[in-house]
Amino acid sequence: MTNNNVYDVTKWPIGNPYTDIGEVINSMIADIKSRQANTDVNDGGKPGAVIYLPPGDYHLITQAVIDISYLKIEGSGHGFTSSSIRFNVPENECADLHELWPGGSRILNDLPVAIDGAEEAGAAILVRREGDPRISSVEFAGFCIDGLHFVDDGSGEPNPENTYVNGKTGIYIASACDSFRITGMGLIYLEHGLTIYHADALTVHDNFIAECGNCLELRGWGQASKVTDNLMGAGFKGYSIYAQNFGGLLITANNIFPRGASSIHFEGVTRSLVTNNRLHAFYPGMVVLEKNSSENLITANHFLHDHEPWAPLQEKNNGLDDLYGLLYISGDHNSIIGNHFSEIIDAQYIRPLGAKPTIIHLVSGSENYIANNHAVATASHAKISDSCYAAQVDALLTTEVTSSLAVTTVLIEKESIKNTVLDSGSDEQVMMDKSVNAFRPTPQV
Amino acid sequence: MTNNNVYDVTKWPIGNPYTDIGEVINSMIADIKSRQANTDVNDGGKPGAVIYLPPGDYHLITQAVIDISYLKIEGSGHGFTSSSIRFNVPENECADLHELWPGGSRILNDLPVAIDGAEEAGAAILVRREGDPRISSVEFAGFCIDGLHFVDDGSGEPNPENTYVNGKTGIYIASACDSFRITGMGLIYLEHGLTIYHADALTVHDNFIAECGNCLELRGWGQASKVTDNLMGAGFKGYSIYAQNFGGLLITANNIFPRGASSIHFEGVTRSLVTNNRLHAFYPGMVVLEKNSSENLITANHFLHDHEPWAPLQEKNNGLDDLYGLLYISGDHNSIIGNHFSEIIDAQYIRPLGAKPTIIHLVSGSENYIANNHAVATASHAKISDSCYAAQVDALLTTEVTSSLAVTTVLIEKESIKNTVLDSGSDEQVMMDKSVNAFRPTPQV
Amino acid sequence: MTNNNVYDVTKWPIGNPYTDIGEVINSMIADIKSRQANTDVNDGGKPGAVIYLPPGDYHLITQAVIDISYLKIEGSGHGFTSSSIRFNVPENECADLHELWPGGSRILNDLPVAIDGAEEAGAAILVRREGDPRISSVEFAGFCIDGLHFVDDGSGEPNPENTYVNGKTGIYIASACDSFRITGMGLIYLEHGLTIYHADALTVHDNFIAECGNCLELRGWGQASKVTDNLMGAGFKGYSIYAQNFGGLLITANNIFPRGASSIHFEGVTRSLVTNNRLHAFYPGMVVLEKNSSENLITANHFLHDHEPWAPLQEKNNGLDDLYGLLYISGDHNSIIGNHFSEIIDAQYIRPLGAKPTIIHLVSGSENYIANNHAVATASHAKISDSCYAAQVDALLTTEVTSSLAVTTVLIEKESIKNTVLDSGSDEQVMMDKSVNAFRPTPQV
């Protein structure tokens, strides 16, 4: 049906891409495999194929399952638009809207919702292949996966579209994988945007992953990968970036906006970098290094924590109080160098009330090196707006007289020893046992 | 005329893409809109389309106007070549040249020149749509927009091709926009390469924008955007990157070469990052933070200031003297950490003559944190060459004995208090009121 | 044969792309040139063309030679898989493997092997054009070049596939070039992946270059270029990134894994950046600045040096002992700021036996600024495994009790003066003549 390994979903004789793109993709993969039967001779291999999705709305009611290497699925438009803003527009104003939905080369994940079901069953695209070698060089580029709606999760949230729960995933990679690429994608309104197990030499580059419960989850273990140059922002319960037992992960040049329970959350991650990211969050616990995450370098990041300005989500948060720290660390031998922290908070919202917020919190660990971090803290009157958009613009254009706020720039808990804190706060701002940790206060006037 | 939202300008029945690509694109957009009339039912939206420009020369005499979301315009070649060098080749040598013009998928902006006219009228591509939601996810990728010629601007410049003035713009985005992407583009010989108002979640990534009066201007206000991994260099009067009232802008991994009155110029920009860029300029004022630009992080950048080596542009500059600073700051709470500055200057060119050049200049502001910046200053004999190319190669391969030059590494003006300067110069090199600003000199032998 | 400058190798009447893609590409280029004869009038130029390689296996027995600007060669799959792991699988297990070869849009470099011949003769793609202007804006994107096999090099290596020698190159750019782009490529099993002379405004972005003798070599001289966001790893004798007489090179956001004699090796490179990279190597000499490499900024990098875990390559190394330094510098005025170093080494493997390993080694040079570097050193029992993959996973999931190891964090040789070392080790860890170099030890408890 094709003679050169190029497949176009709109020109395929099996199935209907507009009503079930999953069936179309699966039949293409079956075709690719049938054509590979006589290869692997004379250094000739199984080169794979490219499946092209022109701009269009493609409903998916059958999960697409990938079990061959070298498959590229490519579209011509990441198609992001803010469904969150749209779903909070009063019903009678919707008729005036230019568009109601995301666009581009868009897959509508219409899989049946099962918010307590097997996560993998809700994935628009599932990658799974066991055996050797690991599945390699699968690429996803330039299209949109839209989860369409969030649903009532029993939490009592008045607008179910604001729950960030729907049991749906964009792409779920279940098997160990090598040299995968995810670039230029748009992922929206999915409880899990991108879930990847056992990644090696993975590239997640230049995507737009937002209004998802969780954006990117790197699970199990993994190594030598990069998450770079993405725009991301998870829901209030989820992670923008999560990684587990990873070594050699490079997270750089990302612009991560709210909400996200954590912007970046590590468990047992070692010898990795979080550098050069713009991080903005409405709750503490922006970057969390847990379960002995060690020998990581956290440098040149800009942390901004301020208050949720949008009325419908005022009651949401991640449950952490302001003593938790914007950067929370449990682990050894990490380097925390040259980060900027802006803590902008209205005194009435500080929890516990009257507390002095924590910026960097080392809960346990030794021989961490914390140097040249600069924290700015101001007590600012939080403005709340019914319009998310108006609130944002207002914040950009208004200069307000604010007073400075007392914070603990570095808090090191008692069990931690042999850490070094340099030029990251005054003697009063750095709380630790200075007889067992080295300290040089930032010079004061 | 298409049944899958893929448009090829060379295969379209209306207009002639070679004589007026603008008419072709506009008729395609009209077609897309006519086909969207019956959508927006059953979660189905207005997915947009892709317009493909194969490699070719496409004259534009009608402005292309975009007022739909999810439109991608894509080419197969950014097509940059240095017109500046070419236009300064003696006429009798032109016959020997392999090419006279940029190439790739190239739009020739033939709009009538009006150097004092409405800027927007000179744009090859105009994006404008008011109402809700904001126009979203328009993408430009992989093609070239060429302004062709600069013109006599009345300044007396003997070669009008060196004025950087022609009233032309590449892409002008007039309305508030969300999640736009500009990637892999080439923009050349335009007075304004890319002008964008009210950007949210914008991506300007991996482009080549050079020999433009100004490369990228982010105007009005904007937020949560990234300008990453670009090659850029503006003309002597313009900005390589300009931003106004922006929050959460990430400018990283760019290689910004001369000339540019400023490499990066901020007005009222807050909580943004300038990190990890290579900056090369022929004039002071390389990075300017004005109008209370605050809480920004400027780190891990390499600043090189040396003298214009090319004969035709010897007389050009941005009018600033060497006391102005390579990095100029007016604002509070900024973090300036771990930058390298190379100041290479022939004593005869220092202005005012005999002055001690300034590296970091804090003209007003409090609680800025300036740490671990390293300035190298050498008095070097400037070589001037008729050939831009020869001058460059010569500079790479020649090691010259130079003497070190006395500079002020940090200058803080009198009205500024509570700033902190650490390890960024000796006591003699840091000029400020040390009774109201904190200071630790770089240790000396 | 085409009327819009778009060429598809599978639809071309001359030659057979599956048996000799080189002949097909060369005949396309001849066609492009014949069609350009009547251009360059009315501002109309020679726009070039795009040559498309669908996914497929394309043998190359004729070298492809490019001598026109604005040519883009593009595929739909970088196709990397680990041949190294595959070639070390026992023969009787190969029948069970899913794939035996890399894939995607794959060029099989079948040029005759001449391991002592002219390097350029072994290049799948050669770019060469002299005269003015320099050849510009050639682009390579999204395909794979596979060298297929390494060969017996007379070294006595029992498995010739592990020699990293075969006289083959992926792309060889012999002439001065401007604004070239190499993006999204896969390069594998080539003695030289990418060799580029005299580069200006080059982009090497987001590629996968691994299991090559050398990955990227920037030779002769060059300027104003970027090597960003790549996954790379050379063989035990070669460079992952090499640059010579370069100015203004930006190397950032790369994840460079073993083996590589050097991860990054500079000769006479000035005013360049190595920032924000993840570097992992099995030998000292990870980053080397030689031949008066000066005024460079090396910041925010994560260096990991540990022991080769894979049995077949236990005997390989780059011949350097542990006194050489992970970062080795010969040059002046460099800034070495805020890097993290993890040195993980089994005492039995330290060479010379019993020595104290060196982290940063300044062998000669003055006025270098070395600040805020954090070195972690642990004596760990090295585990060796027959399975490269198993070894990697094991390392990720095992936490082992280790003891800390004494190292020299900074060693400055005698001839070097006026350098500054701040907060980069204790008095005991920093070895230099402290009467001619400035020093502030990291505060100790």
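Residues numbered from 1 in each chain as written. Chains lettered and ligands numbered in written order. Predicted model: local features only at pLDDT ≥ 70, side-chain atom pairs only at ≥ 80, totals over all residues. Heavy atoms only, no water.

Brief notes about the interface of chain C and chain A
Under the convention used in this document: Contacts are assigned to residue pairs that have any heavy atoms within 4.5 Å of one another. Buried area: the accessible surface (1.4 Å probe) lost by two parts on joining, summed over both. Salt bridges are counted wherever a side-chain nitrogen of Lys or Arg sits within 4 Å of a carboxyl oxygen of Asp or Glu.
Counting from both sides, the interface comprises 69 residues of chain C and, opposite them, 77 residues of chain A. Summing the contributions of chain C and of chain A, the shared interface buries around 5300 Å²; its carbon and sulfur component is 54%. Looking only at chain C, the three residues that lose the most surface to chain A are His98(C), Glu99(C) and Leu396(C), adding up to 13% of its buried area. Across the chain C-chain A interface, the total number found is 5 salt bridges. Notably, a salt bridge pairs Asp206(C) with Lys226(A), separated by 2.9 Å at the nearest N-O pair.

Some points on the interface of chain A and chain B
Formally: For the purposes of these results, a polar contact is taken to be a pair of N or O atoms within 3.5 Å, where, inside protein, one atom must be able to donate a hydrogen and its partner to accept one; residues adjacent in sequence count only when each atom of the pair is a side-chain atom. The helix and strand labels rest on DSSP assignments: H or I over at least four residues marks a helix, E over at least two residues marks a strand, and numbering proceeds from the N terminus. Three residue categories are used. Nonpolar comprises Ala, Val, Leu, Ile, Met, Phe, Trp, Tyr, Cys and Pro, charged comprises Asp, Glu, Lys and Arg, and polar comprises the others, including Gly.
Facing the 69 residues of chain A at the interface are 77 residues of chain B. Here chain A and chain B share an interface that buries about 5400 Å² over both sides, 54% of which is from carbon and sulfur atoms. Interface area lost by chain A to chain B is led by His98(A), Glu99(A) and Leu396(A), which between them contribute 13%. On inspection of chain A and its partner chain B, the count reaches 33 residue pairs in polar contact (both at pLDDT 80 or more). Sort the elements by how many residues they give to the side of chain A that touches chain B and helix α3 (residues 388-397) of chain A lands first, with 5 residues. Across the side of chain A that touches chain B, the residue classes tally to 26 nonpolar, 32 polar and 11 charged.

Details of the sheet that holds strand β10 (residues 144-146) of chain A
Residue and element names in this part refer to chain A. Defined as follows: If DSSP finds at least two bridges between two strands, the strands pair.
If you walk across this open sheet you meet the 12 strands as β3-β6-β10-β14-β17-β19-β22-β25-β28-β31-β34-β35, and the pairing is mixed. The open sheet terminates on both sides in strands that have one partner only, identified here as β3 (56-60) and β35 (403-404). Pairing of β10 with strand β14 (residues 186-188) involves 3 bridges; the strand directions are parallel. Residue pairing for β14: Asp-146 is matched across the bridge by Ile-188.

Observations regarding the relation of the copies chain C and chain A
Our working rule: In superposing the copies, a least-squares fit is computed on C-alpha atoms, taking residues whose pLDDT is at least 70 in both.
Of the transformation superimposing chain C on chain A, the axial component is 0.0 Å and the angular component is 120°, with the fit at an RMSD of 0.0 Å. Here the symmetry operator amounts to a three-fold rotation axis. Different-surface contact between copies: only 6% of interface residues of chain C are shared with the interface of chain A.

Focus: the nonpolar core
Residue and element names in this part refer to chain A. The line we're drawing: We define the nonpolar core as a collection of buried residues of types Ala, Val, Leu, Ile, Met, Phe, Trp, Tyr and Cys that are connected through side-chain atoms lying within 4.5 Å of one another. The classification of residues rests on relative accessible area computed with a 1.4 Å probe and restricted to protein chains. Under 20% of the type maximum is buried, over 50% is exposed, and intermediate values are partly exposed. Boundary definitions for the domains trace back to an automatic or database domain assignment.
Ile-66, Phe-140, Ile-145, Ile-196 and Leu-327 are the most contacted members of the largest nonpolar core, which has 89 residues in total. For this core, the leading source of residues is helix α1 (residues 21-35), giving 6 residues. A domain-level breakdown of this core finds at least three residues from each of domain 1 (1-37 + 46-212) and domain 2 (237-445). Every residue in contact with Ile-196, bar those within four places of it in the chain, is listed here: Ile-173, Cys-177, Ile-182, Leu-202, Leu-216, Glu-217, Leu-218 and Arg-219.

Side note on the confidence of the model for chain A
What counts, and what does not: Within a predicted model, pLDDT stands for the predictor's per-residue confidence, ranging from 0 to 100.
Considering every residue of chain A, the mean pLDDT works out to 94; 97% of them sit at 70 or more. If you check the scores for this complex, the pTM reads 0.98 and the ipTM reads 0.97.

Quick look at the UniProt feature "domain: Periplasmic copper-binding protein NosD beta helix" (unreviewed entry) in chain A
The condition that has to hold: UniProt positions are given in the numbering used here, feature names are shortened, and annotations may be inferred rather than shown by experiment.
Residues annotated in UniProt with the feature "domain: Periplasmic copper-binding protein NosD beta helix" (unreviewed entry) correspond here to residues 161-310 of chain A. A distance of 15 Å separates the end C-alpha atoms of residues 161-310 of chain A, which is 0% helix and 59% strand.

What about the pattern of salt bridges?
Residues and elements named next belong to chain A. As enumerated under the stated definition, the model contains 75 salt bridges over all chains in all. In this structure, Lys-33 and Asp-67 form a salt bridge, with 2.7 Å as the shortest nitrogen-oxygen distance. Residue Lys-33 is found in helix α1, and its partner Asp-67 is found in the loop between β4 (64-66) and β5 (71-75); the two are separated by 34 residues along the sequence. Given a relative accessible area of 25%, Asp-67 falls into the partly exposed group. A salt bridge links Glu-139 to Arg-181, with the shortest nitrogen-to-oxygen separation between them at 3.5 Å.

Regarding the pairing of strand β36 (residues 408-412) of chain A
Taken residue by residue, a regular strand's side chains alternate between the two faces of the sheet. Residues and elements named next belong to chain A. Across the 5 residues that make up β36, a large majority, 5, are buried. Of the strand pairs in this sheet, strand β32 (residues 358-364) and β36 are connected by 4 bridges, and their pairing is parallel. When the bridges of β36 are listed, Leu-362 appears paired with Ile-412. Bridge count between β36 and strand β38 (residues 430-431): 2 bridges; the pairing is parallel. Paired with Val-410 across the strands is Val-430, a residue of β38.

Thoughts on the sheet that holds strand β35 (residues 403-404) of chain B
All names here are of chain B. The mixed open sheet is built from 12 strands, whose spatial order is β3-β6-β10-β14-β17-β19-β22-β25-β28-β31-β34-β35. Across the chains shown, the open sheet's two edge strands, defined by having one partner strand only, are β3 (56-60) and β35. In terms of strand pairing, strand β22 (residues 255-256) meets strand β25 (residues 278-281) through 2 bridges, oriented parallel. Within β25, the residue paired with Ile-256 across the bridge is Leu-279.

With respect to the domain arrangement of chain A
All names here are of chain A. Split into domains, chain A comes out as domain 1 (1-37 + 46-212) and domain 2 (237-445). Put simply, the middle of domain 1 and the middle of domain 2, counted by C-alpha atoms, are 33 Å apart. Between domain 1 and domain 2, the contact holds 12 residues from the first and 9 residues from the second. Roughly 740 Å² of surface becomes buried between domain 1 and domain 2 when both sides are summed, with 62% attributable to carbon and sulfur atoms. The tally of links between domain 1 and domain 2 comes to 2 salt bridges. Put simply, Lys-316 and Glu-157 hold a salt bridge, and the shortest N to O gap is 2.6 Å. The tally of links from domain 1 across to domain 2 stands at 2 residue pairs in polar contact (both at pLDDT 80 or more). Within the residue set of the side of domain 1 that touches domain 2, elements represented by two or more residues are α2 (83-87) and β17 (208-212).

Comments concerning the packing of aromatic side chains
When we look at a pair of aromatic rings, we describe it by the centre distance and by the angle of the planes. Formally: Here is the rule: rings of Phe, Tyr and Trp (six-membered ring for Trp) pair when centre to centre is within 6.5 Å. Planes less than 30 degrees apart are stacked, more than 60 are edge-to-face, and the remainder are tilted.
Taken as a whole and assessed by the stated rule, the structure comprises 39 aromatic pairs over all chains. Considering the side-chain rings of Tyr324(A) and Tyr328(A), the 4.2 Å spacing of their centres and the 5° angle between planes classify their relative orientation as stacked. Neither residue differs from the other here; Tyr324(A) and Tyr328(A) are each classed as buried. Ring geometry for Phe87(C) against Tyr189(C): centres 5.3 Å apart, planes inclined by 45°, an arrangement best described as tilted. Residue Phe87(C) is located in helix α2 (residues 83-87), and its partner Tyr189(C) is located in the loop between β14 (186-188) and β15 (192-200); the two are separated by 102 residues in the primary sequence.

A closer look at unusual backbone geometry
Cis geometry is adopted by the peptide bond preceding Arg259(A), which originates at Pro258(A) and carries an omega value of 10°. Residue position: Arg259(A) is located in the loop between β22 (255-256) and β23 (262-267). Omega for the bond connecting Asp132(B) with Pro133(B) falls within 30 degrees of zero, at -15°, which places this linkage in the cis form. In this structure, Pro133(B) sits in the loop between β7 (123-127) and β8 (135-136). Here Asp229(A), not a glycine, exhibits a phi torsion of approximately 65°, which is positive.

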